[in-house]
Amino acid sequence: MYNPKSKKAEEFIDNQEVLETLDYAEKNKNNLELIDKILEKAELGKGLTHREASVLLACENEEKNKKIYELAQKIKEDYYGNRIVLFAPLYLSNYCVNGCVYCPYHAKNTHIPRKKMTQEEIKEEVIALQDMGHKRLAIETGEDPVNNPIEYVLESLKTIYSIHHKNGAIRRANVNIAATTVENYRKLKEAGIGTYILFQETYDKVRYENLHPTGPKHNYAYHTEAMDRAMTGGIDDVGLGVLFGLSTYKYEFAALLMHAQHLEAVFGVGPHTISVPRIKKADDIDPSTFENGIDDDTFAKIVACIRIAVPYTGMIISTRESKQCRERVLKLGISQISGGSKTSVGGYAHPEDESEEDTAQFDVSDRRTLDEVIKWLMELGYVPSFCTACYREGRVGDRFMEICKDQQIHNFCHPNAIMTLKEYLEDYASDETKKVGEALIEKELQTLQNKKVECIVEENLEKIENGERDFRF
Ligand code: SF4
Ligand code: SF4
């Protein structure tokens, strides 16, 4: 029985409810009256239920689809303005005991080199990332209680936060590790992590069990209930995601929103972020063997419908996607992207070393440097942001959502984006990028509505030019 408040995975992601939702959406995909009603509700910017959003996703009417894209764009602008937050993944270890059939780190892959970084190697990686300009990381490891125990992750976090190379600092480390116990989530919280991210991969239980034939990850309920344990352990911000291509996208979409509603119903706060990866080629993985792959148009529609359904949840896209694809979905709802990423263990400090590349989790489509990504974003009219202020100011969990739902977050995000961009321009940008950035900052200053804030930002920009760092609202 579907029950969003239940703590049991099979009840808050009730298979029957997902199937009935898909049936409802299919029957109503050309019901223009209903679609108009849903769009009217969506315009209020308070989100939609999984059923309503599924009707929009299924909608085949060209005119209504145009409205869906326009509305997604408007909500994106209302909540996130023209800012895009930047981050980079950092792979600590690719040892893994699981058997996920879509990932080259699966335990049976015997020819991929296995690597676990020492603290000294992590230090080198973090320095390389800081020298690129990154301030926000997503820490990744495979699941392996012997090689990657929680103590290793905690020690690595300490190392990561302790390094201050030149003007560099990692100010927020999000963590993407396997589902674990409440006690371990508590330890991660104490270690000062930002968001705890865990991709569901697929919500379809039968598919899930087939795609995870061996290892602890085989347990669907334990994996699906991980966010409940994380929040019980005190983690305020959690990040959901599915790997599109493993099951039908309509199923994943409805279930993903049911998961978000479950967190809201139980903890009073929905997911902080949603990631939208698509299955990609990697070492011994051929994406064409998965029959549920989605094309770019479908991908764009999914992004637009998620944006409309959960306006205050950040949406993340990685360098798995090409420049063209990223450009298209930035408009429709993406608020965070990675840049200059390496998906191998040790790939930042030693990019020239081919054996590092062999340890990659997936092929990167967007191989541009961070500087190129920053310049590209600015030329498209976006303000690249390295802001990490909320987490450091305690604006997390329900406190964050409250500010977000009131659309007050702009007052923090925009000045912070300008100041952190200025830091980037001063410390890391090429001359050309700096020129584009300085002009953009001039323009963006005019858009600050509060005169007092504008004065403070102008003062701080001057201080940044004179070598001071780390200003925030
Ligand atoms: Fe291991 Fe994660 Fe890859 Fe599965 S997806 S094999 S758990 S690293
Ligand atoms: Fe994110 Fe908060 Fe910074 Fe806005 S002010 S960009 S929500 S950390």
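Residues numbered from 1 in each chain as written. Chains lettered and ligands numbered in written order. Predicted model: local features only at pLDDT ≥ 70, side-chain atom pairs only at ≥ 80, totals over all residues. Heavy atoms only, no water.

Novice: Would you mind going over the overall build of the protein chain in detail, with residue names and values included?
Specialist: Check the secondary structure of the protein chain and you find 21 helices and nine strands. Since a compact globule built from 473 residues should have a radius of gyration of about 23 Å, the 21 Å found for the protein chain is in line with a globular shape. With the C-alpha coordinates of the protein chain rotated into their principal frame, the extents come out at 60 × 55 × 40 Å. By residue count, 60% of the 473 residues in the protein chain fall in the buried class. Across the protein chain, contacts joining residues at least 24 apart in sequence account for 75% of those joining residues at least 6 apart. Split by element, the accessible area of the protein chain, about 18900 Å² in all, is 49% carbon and sulfur. The average position of the 61 basic charges and that of the 78 acidic charges among the side chains of the protein chain differ by 3 Å. (Helix = DSSP H or I, 4+ residues; strand = E, 2+ residues; numbered from the N terminus. Rg over C-alpha atoms; globule rule 2.2 N^0.38 Å. Buried < 20%, exposed > 50% of the residue type's maximum accessible area, 1.4 Å probe, protein only. Contact = heavy atoms within 4.5 Å. Areas by Shrake-Rupley, 256 points an atom, 1.4 Å probe, with all protein chains shown as cover. Lys, Arg positive; Asp, Glu negative; His and termini not counted. Charge placed at Lys NZ, Arg CZ, Asp CG, Glu CD.)

Novice: Give a detailed account of the packing of helix H7 (residues 150-162) against helix H8 (residues 182-190), specifying residues and quantitative values.
Specialist: It is the contact of H7 with H8, at a shortest axis distance of 10 Å, that shows an interaxial angle of 10 degrees. It follows that H7 is roughly parallel to H8 by the angle criterion. Contact residues: H7 offers Ile150, Glu151, Val153, Leu154 and Leu157, while H8 offers Asn184, Lys187 and Leu188. Residue composition of the contact of H7 with H8, grouped by class: five nonpolar, one polar and two charged. (Axes fitted to C-alpha atoms, helices over the stretch in contact; angles between N-to-C directions. Parallel < 35°, antiparallel > 145°, perpendicular 65-115°, else oblique. Nonpolar A, V, L, I, M, F, W, Y, C, P; charged D, E, K, R; others polar.)

Novice: Summarise the site of ligand 2; cite the residues concerned and give the values.
Specialist: The local shell around ligand 2 consists of Arg136, Cys387, Thr388, Ala389, Cys390, Arg395, Phe400, Ile409, Phe412, Cys413 and Asn416. Listing elements by their share of the shell around ligand 2, those giving two or more residues are helix H17 (389-392) and helix H19 (410-427). A total of three residues in the shell around ligand 2 trace back to one element, the largest contributor, which is H19. Here the residues of the shell around ligand 2 are counted per class, giving seven nonpolar, two polar and two charged. Each of two domains, domain 2 (80-388) and domain 3 (390-465), supplies a minimum of three residues to the shell around ligand 2. (Near = heavy atom within 4 Å. Domains from an automatic or database assignment.)

Novice: Please set out the pattern of salt bridges residue by residue, giving values where relevant.
Specialist: It is possible for side chains bearing opposite charge to pair when their charged atoms get close. Per the counting criterion, the structure on display carries 34 salt bridges. Lys74 serves as the salt-bridge partner of Asp78, at 2.7 Å between the closest nitrogen and oxygen. Of this pair, Asp78 and Lys74 are both found in helix H5 (residues 62-80), four residues apart, which corresponds to roughly one turn of the helix. Salt bridges here are not isolated pairs; linked through shared partners, they connect Arg171, Arg392, Glu393, Glu423, Asp470 and Arg472. (Salt bridge = Lys/Arg side-chain N within 4 Å of Asp/Glu carboxyl O.)

Novice: Describe in detail the packing of aromatic side chains, supporting the description with residues and values.
Specialist: All chains considered together, the criterion is met by five aromatic pairs. Centroid distance Tyr208 to Tyr220: 5.3 Å. Interplanar angle 80 degrees. Geometry classified as edge-to-face. Note that Tyr208 is positioned in helix H9 (residues 205-211) and Tyr220 in helix H10 (residues 220-224), a separation of twelve residues in sequence. There is no split in this pair, since Tyr208 and Tyr220 are both buried. Residues Tyr424 and Tyr428 carry aromatic rings whose centres are separated by 6.0 Å and whose planes lie at 40 degrees to one another, so their mutual orientation is tilted. Given a relative accessible area of 2%, Tyr424 falls into the buried group. Classification of Tyr428 by relative accessible area gives buried; the value is 16%. By way of ring pairs, the aromatic residues Phe386, Tyr424 and Tyr428 are connected into one cluster. The ring of Tyr24 carries Arg51 above its face, with NZ or CZ at 5.6 Å from the centroid. For the cation-ring pair, Arg395 lies above Phe412, with the distance from its terminal atom to the ring centre recorded as 3.9 Å. (Phe/Tyr/Trp six-rings, centres within 6.5 Å; stacked < 30°, edge-to-face > 60°. Lys NZ or Arg CZ within 6 Å of the ring centre and 35° of its normal.)

Novice: Now, about the site of ligand 1: what can you tell me, with residues and values included?
Specialist: Within the structure, ligand 1 sits among Cys96, Asn98, Cys100, Cys103, Tyr105, His106, Gly142, Lys217 and Gln361. Residue composition of the shell around ligand 1, grouped by class: four nonpolar, four polar and one charged.

Novice: Can you lay out H8 for me, pointing to particular residues and giving the numbers?
Specialist: Turning to H8, its buried residues are Asn184, Tyr185 and Leu188. Taken around the axis of H8, the buried residues stretch over an arc of 100 degrees, which confines them to a single face. On its buried face, H8 is in contact with H7, strand E3 (172-176), strand E4 (196-197) and helix H11 (226-232). Positive backbone phi, approximately 85 degrees, marks Gly192, located one or two places after H8. (Arc of directions from axis to C-beta.)

Novice: Which residues make up the pairing of strand E5 (residues 238-241), and what are the values?
Specialist: Side chains Val238 and Leu240 project from E5 onto one buried face, and the interleaved Gly239 and Gly241 project onto a second face that is buried too. Strand direction decides the pairing type here: E4 and E5, joined by two bridges, are parallel. In the sheet register, Ile197 faces E5, and the bridge partner there is Gly239. For E5 and strand E6 (residues 273-275), the ladder comprises three bridges, and the chain directions are parallel. (Pairing = 2+ DSSP bridges.)

Novice: Which residues make up the domain arrangement of the protein chain, and what values go with them?
Specialist: For the protein chain, the assigned domains read domain 1 (9-77), domain 2 (80-388) and domain 3 (390-465). The gap between the C-alpha centroids of domain 1 and domain 2 is 26 Å. In this complex, domain 1 contributes 34 residues to the contact, which on the side of domain 2 involves 38 residues. Summed over both sides, the interface of domain 1 with domain 2 buries roughly 3000 Å², with 70% coming from carbon and sulfur. Contact with domain 2 buries surface across domain 1, with Phe12, Leu57 and Lys76 losing the most and accounting together for 28% of the total. Between Lys205 and Glu10 there is a salt bridge; the shortest N-O distance is 3.8 Å. The biggest single contributor to the side of domain 1 that touches domain 2 is H5, with nine residues. Residues of the side of domain 1 that touches domain 2, tallied by class, amount to 18 nonpolar, nine polar and seven charged. (Buried area = accessible area lost by both parts, 1.4 Å probe.)

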